Structures are given as structure tokens and as C-alpha cells.
Amino acid sequence: MTRTNNTPKTTRSVKRTSISTAVVLGLMMASPAVLADSASDVNFKFSGYIKVDSMFSSYDSGTLSSGNLGRDFYIPGLTPVGGVEESTQFDMHARQSRFRFAADTVIDGEKMTGVLEFDMQATPNGDERVSNSYSPRVRHAFLKYGNWLFGQTWSTFQDVTALPETLDFIGVTDGTIFVRQSMIRYSNNGFEIALENPETTVTPYGGGGRIVTDDNSVPDLIARYTHKADWGHVAVAGMVRQLAYQSGDVIDTSETGYGISITSKIKLGADDLRLMFNTGSGLGRYLGINAANGAVLNAANELEAIDSYGYAIAYRHVWNDQWRSTLTYSKFQADNDVSLTGTGVTESTYSTHVNLLYSPNSKITFGAEYGYANRTLENDAEGDMNRIQLSAKYAF
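Residues numbered from 1 in each chain as written. Predicted model: local features only at pLDDT ≥ 70, side-chain atom pairs only at ≥ 80, totals over all residues. Heavy atoms only, no water.

Enquirer: Explain the sheet that holds strand β15 (residues 295-297) to me, using residue names and the numbers behind them.
Expert: Spatial strand order, β10-β9-β15-β16: four strands in an open sheet with mixed pairing. At either end of the open sheet lies a strand with only one pairing partner, and these are β10 (211-212) and β16 (303-305). Examined bridge by bridge, strand β9 (residues 201-203) and β15 share two bridges and lie parallel to one another. Bridge assignment links V202 to a residue of β15, and that residue is A295. (Pairing = 2+ DSSP bridges. Helix = DSSP H or I, 4+ residues; strand = E, 2+ residues; numbered from the N terminus.)

Structure, rendered in C-alpha cells:
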């Protein structure tokens, strides 16, 4: 009786599974034309790369603890200062690997594009004892319709095409603008104008850390013009932003910040030269991955913008169809009022990288890179970093 009673239930379950499987298999076996028709002629694309990095890092004034992002890629404000030299640290990870989904179609004569991209580079620490697990994080999530872009992607204040080819995640970190955030952007014939997500970083009066306020009432306003020619391109961008901080009934203050960015990529036959210069008041998080804050509180609990600038130069030489090298130099400088910030804040940083990359084909790259970096505080204390990085990358 037991066998008889269970049989109908099993049969019904199999039938439901078979129907679902048939639907899935039918969609998978359908012709591309049928799939395109059912998706309103949407074209789908999946791309990305797998990258494995191995790094030997040594510091003459301290060390970085396990899980510190400065051990995965160069962050100017994290170079240890004022400590004791320790032995070389070795790290290996695949966190820079990424995957990208894109879809595009035409609606009423206008092209619509959607992009969603993830990596694991700056996610919370995984457990290196057993699984080395890291959660995906959103890099890009935006849609473009005609001349308009809505969503998260590279800031309009940043020229991504001027970034050099380095094994380090950024390469010229000290002197470059590097921000991804949500925005509304309009583009036309080389001109771009955008309203972007604001955020203020503040140094407390007398120093002692960083306050991330998120108290802005208006978005950052950014405009850019890019001129392209046979020799390469040059771009000029300007930004005006609000710096704001509120804390109960004690602090309610704001200040205006601004910035100018000039970048270029110059073709020299198969080689190229990439140049960047960025300066402003209240740049803060936009420059050098927040090597200095955007503003400091004075004794009256009012914000005063911090001036800073940065520049970078990178030369890429192609040895032949399979071998190439890049040499970079990058610098950051902050003009801190030490009577407000104290002397324990970063005054300047600089770094240089040189690499040798080998690509047996267009999809695979192996490389070795040496990097040196220096960080100096306002009290003249400084620290150096030496790093050797080996990488293997497969792009798809």
C-alpha cells in the first residue's frame, strides 16, 4: 500500500519538472532570430577577464596588516610611516577578475544600452585560511539612451583613456582622478555635462582621522570637453562641488570646492605618452584615492577647503607584436593648514612603476612590474614601499 500511495506523488512531481525543463530546453534550442524577436531585438554580450596577481611588498617604516587593501594594490595614503622595517610580505589573489553584462537595442530610432559589471577588488575581507572567498561588488550599473546616461560609471571628471597599462590596479594613483559613482550625464560632440553623487570627507580640528559626512544637499556639477585627432586626444574638465557637514545642533557648515583636470594621450607611432594634471580646492576623494580630505574643521566648527594637486606621466613602448613596457611617474601634493589639520596628515606622495608585458595572443597577458612609492607627512616623517608584482590575465 505504501508503494502504491507514493507512486502518484512521484509521477506528478516528475511531470511538473518535465514541463519546466521542456520550456527551458525549448528556449535554449530556439534560433537566434526567435530569441531576438522575443526580446525585442536586444543584443546581449558577456565579457570580462580573469587576472591572478602575486606581490612581494616591503616597507621601511612599518607594515600593512592582513586584509588591508594596500596589500592588494597601491593606495598612496596607506604607505606605512613612522614604524619599524619588517620582512617582505607575499600576497596572491584573483580579486581583480571581473565580469560584464551588456545589452543594447534600438527604441524609436534611438540606441538604448544597459551595462552591469562586477569585480571583487575592494570587497570585505575573505578568509585566507580556507576558502579565500570574496563577494562581488558593483563597478558599473548604467543605461544610455541617445545622448543621455543614467547610473553608476566613471566620473565625468576622470579621463579613463589616459590611464596607463600597468599590473597595479591603477598605476598612477597619486596624480590621477579615480572615482566611479552614480550620475545623470548628457554628451554631444565631445562635450559632456553631468550631475554626480556628492560626498564630503573632513579632517577634524587638530587632526585625528577622517569624517565621511554624506550631508550634501546638491550634486557635484562637472563638465568636460575632449578634442580627438589623428595624434591622440586632449581633454579639459572642470568641477564645482559643495562640501558639507552637519552634526546635531553643534555643526552645520558648508564650503564650495572646485577642480580642473587636463589630460592627454599622444600617439608616437606604436608607442604613446599619457599625461595628467589635476588641481583644485576641496578635491578630496577625487584625487589620489582620497590621499587628503576635501576640507578641515576650524576652531569655529566651520569647513575650510584643502587645496591639492597631482600629476602623472606614463610612456608606453611596444617592443614587438608580443612584448611591451610602460614606465610611469605620479605625484600628489596637499596644502594643509597644519594649525587646523595637525602635522600627522599626508603632505605628499609619489610613485613610479616599470613593467614588461608579454601577450602570446590578444587574449592572454603575462607580466612583471616593479613599483616604488614614498609618503611624507606634514611632520616630515616618511615611509617607502618597494613592490614586485607578477600577473597572468585572460580576457574574454
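Back to the text.
Enquirer: Please give an account of the pattern of salt bridges that cites residues and values.
Expert: Taken as a whole and judged by the stated rule, the model has 15 salt bridges. One salt bridge connects D272 with R316, and the closest N-O pair in it is separated by 3.7 Å. Of this pair, D272 sits in strand β14 (residues 271-281) while R316 sits in strand β17 (residues 307-318), and the two are 44 residues apart along the sequence. Look at D272 and you get buried, because its relative accessible area is 4%. When salt bridges with common partners are traced through the structure, they connect R98, R100, E117, D119, R137 and R139 into a single cluster. (Salt bridge = Lys/Arg side-chain N within 4 Å of Asp/Glu carboxyl O. Buried < 20%, exposed > 50% of the residue type's maximum accessible area, 1.4 Å probe, protein only.)

Enquirer: So what's going on with the packing of aromatic side chains? Residues and values would help.
Expert: Counted by the stated rule, this structure contains 17 aromatic pairs. Aromatic side chains F169 and F178 sit 6.3 Å apart centroid to centroid with 65 degrees between the ring planes, which places their arrangement in the edge-to-face category. The class of F169 is buried, set by a relative accessible area of 14%. Of the residues examined, F178 reaches a relative accessible area of 15% and is grouped as buried. Both rings, one in Y394 and one in F396, keep their centres 6.0 Å apart while their planes meet at 40 degrees; by these two values the pair is tilted. Exposure remark for Y394: the relative accessible area of 41% places this residue in the partly exposed category. Among the aromatic side chains, those forming a connected cluster through ring pairs are F46, F99, F101, F118, Y394 and F396. Of note, R95 hangs over the ring of Y134, and the distance from its end group to the ring centre comes to 4.0 Å. In this structure, K393 is placed above the aromatic ring of Y49, and the distance from its NZ or CZ to the ring centre is 4.2 Å. (Phe/Tyr/Trp six-rings, centres within 6.5 Å; stacked < 30°, edge-to-face > 60°. Lys NZ or Arg CZ within 6 Å of the ring centre and 35° of its normal.)

Enquirer: Describe in detail the nonpolar core, supporting the description with residues and values.
Expert: If you look at the biggest cluster of nonpolar residues, it comprises 13 residues, and the most contacted ones within it are F157, M239, Y286 and F332. Looking at this core, the elements that each hand over two or more residues are β12 (232-247) and β18 (323-335). Apart from residues no more than four positions distant in its own chain, M239 is found in contact with F157, L221, I222, G257, Y258, G259, L283 and Y286. Core analysis: the next-biggest nonpolar cluster, separate from the first, contains eleven residues, L163, F169, I170 and V172 among them. (Core = buried A, V, L, I, M, F, W, Y, C linked by side-chain atoms within 4.5 Å. Contact = heavy atoms within 4.5 Å.)

Enquirer: Run through the environment of L143, naming residues and quoting values.
Expert: As for its placement among the helices and strands, L143 is situated in strand β5 (residues 137-145). Between the alpha carbons of L143 and T153 there is a distance of 9.8 Å; along the sequence they are ten residues apart. Once you skip the residues sitting within four places of it in the chain, L143 turns out to touch M112, T113, G114, W148, L149 and F150.

Enquirer: For the side chain of T213, give the residues involved together with the corresponding values.
Expert: Residue position: T213 is located in the loop between β10 and β11 (220-229). With relative accessibility at 10%, the residue T213 sits in the buried group. From its side chain, T213 meets the backbone oxygen of A244 in a polar contact 2.8 Å long. If sequence neighbours within four positions are ignored, T213 has contacts with E199, T200, V202, A244 and Y245. (Polar contact = N/O pair within 3.5 Å; in protein donor to acceptor, adjacent residues only side chain to side chain.)

Enquirer: So what's going on with the pairing of β12? Residues and values would help.
Expert: Successive residues of a regular strand alternate their side chains across the two faces of the sheet. Here β11 pairs with β12 via nine bridges, running antiparallel. When the sheet's bridge partners are listed, T226 is paired in β12 with A235. In terms of strand pairing, β12 meets strand β13 (residues 251-268) through 16 bridges, oriented antiparallel. Across the sheet, V236 pairs through a bridge with I262, a residue of β13. Hairpin connection from β12 to β13: three residues lie between these consecutive antiparallel strands, with G248 at a positive phi of about 60 degrees.

Enquirer: Run through a negative patch on the surface, naming residues and quoting values.
Expert: On the surface, E255, E302, E304, D307, D335 and D337 cluster together into a negatively charged patch. Summarising the element assignment, D337 is placed in the loop between β18 and α3 (338-341). (Patch = residues over 30% accessible without salt bridge, like charges linked within 9 Å, V, L, I, M, F, W, Y side chains within 5 Å. Areas by Shrake-Rupley, 256 points an atom, 1.4 Å probe, with all protein chains shown as cover. Lys, Arg positive; Asp, Glu negative; His and termini not counted. Charge placed at Lys NZ, Arg CZ, Asp CG, Glu CD.)

Enquirer: I'd like a description of the confidence of the model for the chain, backed by residues and values.
Expert: Here the chain averages 90 in pLDDT, while 90% of its residues score no lower than 70. For residues 1-39, every residue scores under 50 in pLDDT, and the model assigns this stretch five contacts once sequence neighbours within four places are set aside. (pLDDT = per-residue confidence, 0-100.)

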